[in-house]
Amino acid sequence: VGVSAGIRAWAMSNDVDVAFISRRGTYLGQLLPASSSTRVHRIRDQFAFADDPVRSMQLIRAIVDAKVRKQIVVLQRFGRRAHADLTRDAVGELRNLLVMIPDSNTTDEAMGLEGAAAHVYFPCFGALLPPGLQFEVRSRQPPMDVANSALSYLYTILTSECTSALVAA
């Protein structure tokens, strides 16, 4: 859909934000009116939220908790088949870490638990891939093998999809 000069002018003068998203859903950019009061309120609220240590730790714990839970789900799905012996220990370790998340009191503690979970998850996940794609360590910048390259590429696409959804919301 094209946006004419008239529509752009109307949107800017009526405090309407316009997000540009490709046909594939990739966030391209946005048009923000200079006087947008909703943007100012949203930014003020975000800073207030980030400045509240109790609320921000709740969010951090929720994000780390969700990530570890999804890692468990992925390994369990593989484990239902022929790999139960390979995933059992990793799932147990991830569950032990999951129990510790509510007790994390600082960002560093929560990030440490997320890192410990990644240290358990990725070697197990990498071992579950077909021969020739298996890996022992998650590597980035640069990815050291095909599987890590694919993960980096997919994370980039996911980031773009999330950005588009957030801007649209």
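Residues numbered from 1 in each chain as written. Predicted model: local features only at pLDDT ≥ 70, side-chain atom pairs only at ≥ 80, totals over all residues. Heavy atoms only, no water.

Enquirer: In this structure, what is going on with a nonpolar patch on the surface? I would like to understand it.
Expert: Residues Y153, L154 and I157 make up a contiguous nonpolar surface patch of roughly 310 Å² in combined accessible area. When you line up the elements, Y153 lands in helix α6 (residues 146-168). (Patch = residues over 30% accessible without salt bridge, like charges linked within 9 Å, V, L, I, M, F, W, Y side chains within 5 Å. Areas by Shrake-Rupley, 256 points an atom, 1.4 Å probe, with all protein chains shown as cover. Salt bridge = Lys/Arg side-chain N within 4 Å of Asp/Glu carboxyl O. Helix = DSSP H or I, 4+ residues; strand = E, 2+ residues; numbered from the N terminus.)

Enquirer: How do you make sense of the nonpolar core when you look at a structure like this?
Expert: Considering soluble globular proteins, one finds that nonpolar side chains tend to be buried as a cluster. V68, L75, L94, F125 and F135 are the most contacted members of the largest nonpolar core, which has 25 residues in total. Where this core is concerned, the elements lending two or more residues are α3 (53-79), α4 (84-100), α5 (107-128) and α6. The biggest single contributor to this core is α5, with 10 residues. Among all residues touching L75, those that are not within four sequence positions of it are T87, A90, V91, L94, Y121, C124, F125 and L128. (Core = buried A, V, L, I, M, F, W, Y, C linked by side-chain atoms within 4.5 Å. Buried < 20%, exposed > 50% of the residue type's maximum accessible area, 1.4 Å probe, protein only. Contact = heavy atoms within 4.5 Å.)

Enquirer: Explain the pairing of strand β1 (residues 18-21) here, please?
Expert: Where β1 and strand β2 (residues 27-31) come together, 4 bridges link them in antiparallel fashion. Looking across to β2, one finds that A19 is bridged to Q30. Counting the residues that bridge the hairpin from β1 to β2 gives 5 residues, and of these G25 lies at a positive phi of roughly 95°. (Pairing = 2+ DSSP bridges.)

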